[in-house]
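# Fold and contact review
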Amino acid sequence: MEAMGTGGPVVLVEGESDAVLVRALLARRGAPAEVVPMGGVTNLAAHLDALGGPGPGVLALVDAPEVRFAVGALRRHGVRAETVEELGWHGVLVCDRDLEDVLIRSLGPDAVLDALAGMSELGAFESLAQMPHWRGRPVAEQLHRFAGSGSGRKVRLAARLADRLDPDALPDPLGPLVEAVVVIGA
């Protein structure tokens, strides 16, 4: 399956922050692909329809809680896949919880806090961490919540964290995603 307009692989991602991160990782590997934010996983079926269905040049990155939408989108095209492993066989890669969680676990809270400091967002994070609902919770949970709050924060943080990932040791599912694009584009 060829990409819309590029003649290369297409990577469908849930949102703009996912797209920013995936584009940065692919650029570091010199692996061109059209990265398309779908506006949510519920739009996966429509994007697959526009591409003529799933195929060797079409990849998708989805969050674990949204797997049912990926299963349904593939079924619509006659593909039966139920497990995360089976989805992967058909180019749908699944983040364990979501992409922010993958990044926080992979880099560690200290690296994420450092990135927030570089964005002049550490004070705002500390305010959230002191709110009654969030006080005393693990820092990783606080960071996850904070990443998704505030206009544009998720996108800005994704760009900062992409630079901190070791390109030779990308966490799942980012490593397999980048490798698949490299193979498809070869």
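Structure first, text after, so check above.
Below is a summary of the structure that appears in this document. Note that the structure is predicted; figures quoted are calculated from it, not measured.

Our next topic: the overall build of the protein. In terms of regular secondary structure, the protein is built from ten helices and four strands. Each helix and strand of the protein, placed in order from N terminus to C terminus, yields the pattern β-α-β-α-β-α-α-β-α-α-α-α-α-α. Against the 2.2 N^0.38 benchmark of 16 Å for 186 residues, the protein shows a C-alpha radius of gyration of 17 Å, consistent with a compact globule. Projected onto the principal axes, the alpha-carbon positions of the protein cover approximately 50 × 30 × 25 Å. Taking all 186 residues of the protein together, 47% fall into the buried category. The contacts of the protein with a sequence gap of at least 6 include a subset with a gap of at least 24, amounting to 69%. A total of about 8800 Å² of accessible surface is found on the protein, and carbon and sulfur atoms cover 52% of it. Of the charged side chains in the protein, 17 are positive and 25 negative, and the gap between their average positions amounts to 6 Å.

Next up on the list: the packing of aromatic side chains. A full pass over the atoms with the stated rule returns one aromatic pair. Centre to centre, the rings of phenylalanine 125 and phenylalanine 146 are 5.6 Å apart; their planes meet at 80 degrees, and the pair counts as edge-to-face. Taken as a pair, phenylalanine 125 in helix 7 (residues 122–129) and phenylalanine 146 in helix 8 (residues 139–147) lie far apart in primary sequence, 21 residues in all. The class for phenylalanine 125 is buried, based on a relative accessible area of 5%. In this structure phenylalanine 146 comes out as buried when scored by relative accessible area, which is 2%. Lying across the ring of phenylalanine 146, arginine 153 places its NZ or CZ 3.7 Å from the centre.

The rules behind these values
- Within every chain, residues take consecutive numbers counted from 1 along the sequence as written.
- For this predicted model, a pLDDT threshold of at least 70 governs which residues receive local features, and a threshold of 80 or more governs which side-chain atom pairs are given and counted, while totals over whole chains, interfaces and linings are taken from all residues.
- Hydrogen atoms and water are omitted, and side-chain values are computed over all heavy atoms in the structure.
- To qualify as a helix, a DSSP run of H or I must reach at least 4 residues; to qualify as a strand, a run of E must reach at least 2; elements of each kind are numbered from the N terminus.
- As defined in this context, the radius of gyration uses C-alpha atoms, and a globule is described by 2.2 Å times the residue total to the power 0.38.
- Each residue is assigned to one of three classes by its accessible area relative to the maximum for its type, calculated with a 1.4 Å probe on protein chains only: buried under 20%, partly exposed between the two thresholds, exposed over 50%.
- Any pair of residues with heavy atoms lying within 4.5 Å of one another is described as a contacting pair.
- Every accessible area reported is derived by Shrake-Rupley at a probe size of 1.4 Å, with residue values counting cover from the shown protein chains alone.
- For the purpose of charge, His is not counted, nor are the chain termini; Lys and Arg are scored as positive and Asp and Glu as negative.
- Charge coordinates come from a single atom per side chain, which is NZ of Lys, CZ of Arg, CG of Asp or CD of Glu.
- Note on ring pairs: Phe, Tyr and Trp rings are taken, using the six-membered ring of Trp, and paired if centres are within 6.5 Å. Classes follow the plane angle, with under 30 degrees stacked, over 60 edge-to-face and the rest tilted.
- Sitting over a ring, as applied to charges here, requires NZ of Lys or CZ of Arg to be within 6 Å of the ring centre and within 35 degrees of the ring normal.

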